[in-house]
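Single-letter residue listing:
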Amino acid sequence: MLRHLMCAQLTNFPGATAYEWDHIARAPRADDAEQLAVLMYTSYRGTTDDAGETLDDARGEVRKLLTDQFGLFDATRSAVYEMDGALGAATILTRWRDAPFVAFSMTAPEW
């Protein structure tokens, strides 16, 4: 899977304000693994990030995430969004090269 690295200094953005999480956001848990895999598969399918991966491939990517193979998984700063009883979106952060890294950003097509 081809990954591109984009970096931005996260200071001095004009108009930046503090953001409060709404009630449907929470930190991801280990028992979210299957739902994260389904979310990953469905949200990337048919996009420029789709290289023909299967649901099993997505499960493998989630296993890599949870075992720190994309950098140290930072569950306290990551967020999943529960929508209608399932994960509808997620932003997953890791620590890579001693800096925060957005490893995955996903939204289910219906959202």
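Residues numbered from 1 in each chain as written. Predicted model: local features only at pLDDT ≥ 70, side-chain atom pairs only at ≥ 80, totals over all residues. Heavy atoms only, no water.

A. Geometry of the overall build of the chain. Of regular secondary structure, the chain possesses two helices and five strands. Helices (α) and strands (β) of the chain occur, in sequence order from the N terminus, as β-α-α-β-β-β-β. Sorting the 111 residues of the chain into buried and exposed places 32% on the buried side. Long-range contacts, defined as pairs at least 24 residues apart, comprise 54% of the intrachain contacts of the chain with a sequence gap of at least 6. Carbon and sulfur atoms make up 54% of the accessible area of the chain, which amounts to about 7,800 Å² in all. (Helix = DSSP H or I, 4+ residues; strand = E, 2+ residues; numbered from the N terminus. Buried < 20%, exposed > 50% of the residue type's maximum accessible area, 1.4 Å probe, protein only. Contact = heavy atoms within 4.5 Å. Areas by Shrake-Rupley, 256 points an atom, 1.4 Å probe, with all protein chains shown as cover.)

B. Fine view of the packing of aromatic side chains. Evaluated as defined, the whole model comprises two aromatic pairs. Ring geometry for F70 against F104: centres 5.4 Å apart, planes inclined by 85 degrees, an arrangement best described as edge-to-face. Taken together, the positions of F70 in the loop between helix 2 (55-66) and strand 2 (72-73) and F104 in strand 5 (residues 99-107) put the pair 34 residues apart, joining distant regions of the chain. The burial state of F70 is the same as that of F104; both residues are buried. When the centroid spacing of 5.3 Å and the interplanar angle of 50 degrees are considered together, the rings of W96 and F101 count as tilted. (Phe/Tyr/Trp six-rings, centres within 6.5 Å; stacked < 30°, edge-to-face > 60°.)

C. Local environment of the nonpolar core. If you look at the biggest cluster of nonpolar residues, it comprises 18 residues, and the most contacted ones within it are L36, M40, A90, I92, F104 and M106. Counting only elements with at least two residues in this core, the list comes to helix 1 (33-44), helix 2, strand 4 (86-96) and strand 5. Broken down by element, the residue count for this core peaks at five residues, all from helix 1. Of all hydrophobic cores here, the second largest spans five residues; its members include A25, A79, Y81 and A89. (Core = buried A, V, L, I, M, F, W, Y, C linked by side-chain atoms within 4.5 Å.)

D. Representation of the pairing of strand 3 (residues 79-83) within the structure. Of all five residues in strand 3, four are buried, a share of seventy percent or more. Here two bridges tie strand 1 (residues 25-26) to strand 3, and the two strands are oriented antiparallel to one another. When the sheet's bridge partners are listed, R26 is paired in strand 3 with V80. Two elements, strand 3 and strand 4, share five bridges in a ladder whose sense is antiparallel. By the bridge assignment for strand 4, M83 is matched with A86. Hairpin remark: strand 3 followed by strand 4, antiparallel, with two residues in the connecting loop; positive phi at D84, about 55 degrees. (Pairing = 2+ DSSP bridges.)

E. Representation of the side chain of D74 in the model. Position of D74 relative to the elements: it lies in the loop between strand 2 and strand 3. Owing to a relative accessible area of 12%, D74 belongs among the buried residues under this scheme. Among the polar contacts listed, one links the side chain of D74 to the side chain of T76, at a separation of 2.8 Å. Separated by 3.2 Å, the side chains of D74 and R77 make a polar contact. In this structure D74 touches L93 and T94, once residues within four positions along its chain are discounted. (Polar contact = N/O pair within 3.5 Å; in protein donor to acceptor, adjacent residues only side chain to side chain.)

Scope: geometric values only; no functional claims are made or implied.
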